[in-house]
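What follows is the residue order along each chain.
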Amino acid sequence: MSVRHALLALLSEGSKYGLQLREEFEANTGQVWPLNGGQVYTTLQRLERDGLVAALGGAGDLVPGPQKAYRITDAGSAELNRWLLVPPDLSTPPRDDLVMKVLIAVRVPGTDVSEVIQAHRRYLVQLMQEWTRLKDDDNGRDLAFALIVDSEMFRLESVVRWLDAAEVRLRRALADGWNPAQAFPAPAGARLPTRPAMGARR
Amino acid sequence: MNALELRSISKVYGRGAAEVQALRDVSLTVAAGEMVAVMGPSGSGKSSLLTIAGTLEEPTSGAVLIDGKDTLRMSGGAKSRLRRRTIGYVFQDFNLLPGLTAAENVSMPLELDGTSMHKAHLAAIKALEELGLSSQARRFPDQLSGGERQRVAIARAVVGERTLLLADEPSGALDSVNGEAVMQLIHSYCKRGTAAVVVTHDLQLASWADRIVFLRDGRVVDQTAAPAGPETLLEQSS
């Protein structure tokens, strides 16, 4: 999460005080990502150093704090627009703990992979229930919060769906006589797929 | 008292080589006010569980108790009364009668049960009002949107003094927004004391339930724990 760009976005609406920026940041992220004051003021200092924001009243000698106001500069607006259009780097699969656990479970003798998969599925579904309860309590009042909950629900659901697919694939492989002791033999000459070339990342 | 109790239910269809064991020793209790979702791959026994819970079908072995009464020991007439008065059914394809208005569809189960036409109509209008459908009361099903039709079907399922709502993929024919509205509605009825069992393959919709039961090959393999406090997630992220 870029606190830097979130602060630029808030300042694009007009000049604001440090304390106000912190409160609005939290309100705009549905209170899901709380910020401490130090994070806000350190980030503002760096933004000022880089010429992306300017302190109001030329009080450059004041220490950044709740009572100091800032405005966005032209360079800051340009940086904000650039950042909005640059997709985050999703081209490299993350080293996912859950995927690793399932891959390893397949190799460990005597492990009930279905049980491993179900333990993770249950945990994820319980998280989804908790988010749904929060969404129900909020009842659509906070749009930012609803968007964040939607995003979490789709993310968690995608992981459960992967678990479902993994279970079906493993069952099918076992039915076809696949032997876990010889798990994942790499065919001769096989190579890992290369990273998709989907535009350069900055 | 539990609104629904399934005790060691097994269900076998067919015989010999064609025998299919749909449910194997399934036990499930649903308390008044509780919403339970049943999930599992196709062929896992979800629909059989629901039809047996609704007394539309009898198990091969085991017992089905509704509001503490053993339904397998009831006469045909008593079972029919139970189905009309106590259990509400919601299906994926709404099952509204096309020749009746929304209000008539909702009042019909009460009229069949001997309530006067006037009283049944008032109860139907009240149920439709609660679902934000009072202006649609005189419309026929084909004049309603999919979401509205399903809400009418829910009004029909809860009208009167029903204590148990059984729903088979109630949002299956709806888009995600209307699907969610349907689950929210069932959830709000449960908060007022109705028990519900909802079969769904949609995880986001199942998340509305207080408890999710996982079926596999006709067995209950797992279920989610009792809900944690709603604040846990936000506490973790702070």
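Residues numbered from 1 in each chain as written. Chains lettered and ligands numbered in written order. Predicted model: local features only at pLDDT ≥ 70, side-chain atom pairs only at ≥ 80, totals over all residues. Heavy atoms only, no water.

### Focus on the side chain of B:Glu169
Residue and element names in this part refer to chain B. In plain terms, the rule: Under the DSSP-based scheme used, a helix requires at least four consecutive residues in state H or I and a strand at least two consecutive residues in state E, with every element numbered from the N terminus. Burial status follows relative accessibility: with a 1.4 Å probe on protein chains alone, a residue under 20% of its type maximum counts as buried, one over 50% as exposed, and anything between as partly exposed. Positive residues here are Lys and Arg, negative ones are Asp and Glu, while His and the chain termini are left out of the count. Salt bridges are counted wherever a side-chain nitrogen of Lys or Arg sits within 4 Å of a carboxyl oxygen of Asp or Glu. Should any heavy atoms of two residues lie within 4.5 Å, those residues are considered in contact.
The topology assignment puts Glu-169 in the loop between strand E7 (164-168) and helix H6 (176-191). Notably, Glu-169 is buried but unbridged: the nearest opposite-charge side chain belongs to Lys-46, and the N-O separation is 5.3 Å. Ignoring any residue separated from it by four or fewer positions in sequence, one finds Glu-169 in contact with Gln-92, Val-199, Thr-200 and His-201.

### Focus on the interface of chain A and chain B
A common way to state how big an interface is: give the accessible area lost once the parts meet. Put simply, the test is: Summed over both partners, buried area is the accessible surface (1.4 Å probe) that two parts give up on being assembled. The term polar contact refers here to a pair of N or O atoms within 3.5 Å; inside protein, the definition further demands a hydrogen-donor-capable atom paired with an acceptor-capable atom, and it admits residues adjacent in sequence only when both atoms are side-chain atoms.
Taken residue by residue, the interface counts 26 residues in chain A and 29 residues in chain B. Area buried by chain A at its contact with chain B is led by A:Gln129, A:Arg133 and A:Asp136, which between them contribute 22% of it. Here chain A is connected to chain B by 5 salt bridges. Between A:Lys135 and B:Glu180 there is a salt bridge; the shortest N-O distance is 2.7 Å. In this structure, the connection of chain A to chain B is made through 11 residue pairs in polar contact (both at pLDDT 80 or more).

### Some remarks on the side chain of B:Thr71
Along the chain, B:Thr71 falls in the loop between strand E5 (69-70) and helix H2 (76-85). Residues within four places of B:Thr71 in sequence aside, it is in contact with B:Thr55, B:Val64, B:Ile66, B:Lys79 and B:Leu82.

### Looking at the nonpolar core
Residue and element names in this part refer to chain B. Inclusion rule: Buried residues of nine kinds, namely Ala, Val, Leu, Ile, Met, Phe, Trp, Tyr and Cys, make up a nonpolar core once their side-chain atoms join them within 4.5 Å.
Counting 66 residues, the largest nonpolar core has Met-35, Leu-128 and Ile-186 as the members making the most contacts within it. Once residues within four sequence positions are removed from consideration, Leu-128 is found in contact with Ala-102, Ala-103, Val-106, Leu-133, Ser-134, Ala-137, Val-152 and Ala-155. Counting residues in each nonpolar core, the second largest holds 27 residues, with Leu-49, Ala-53, Ile-87 and Leu-166 among its members.

### Here's the deal with the packing of helix H5 (residues 97-107) of chain A against helix H6 (residues 113-138) of chain A
Residue and element names in this part refer to chain A. Note the following rule: For helices, the fitted line uses only the C-alpha atoms of the stretch in contact; every axis is such a line through C-alpha atoms, and the angle between N-to-C directions lies from 0 to 180 degrees. Note on angle classes: values under 35 degrees are labelled roughly parallel, values over 145 roughly antiparallel, values of 65 to 115 roughly perpendicular, and the remainder oblique. By convention, the crossing between two helices is left-handed when the near helix turns anticlockwise from the far helix through less than a right angle, and right-handed when the turn is clockwise. Residue polarity follows a fixed list, in which Ala, Val, Leu, Ile, Met, Phe, Trp, Tyr, Cys and Pro are nonpolar, Asp, Glu, Lys and Arg are charged, and the others, Gly among them, are polar.
Close contact between H5 and H6 brings their axes to 9 Å; oriented N to C, the two are set at 160°. It follows that H5 is roughly antiparallel to H6 by the angle criterion. In this structure, H5 meets H6 at a crossing whose hand is right-handed. Touching Leu-98, Lys-101, Val-102, Ala-105 and Val-106 of H5 are Val-113, Val-116, Ile-117, His-120 and Leu-124, all from H6. In terms of residue class, the contact of H5 with H6 is made up of 8 nonpolar, 1 polar and 1 charged.

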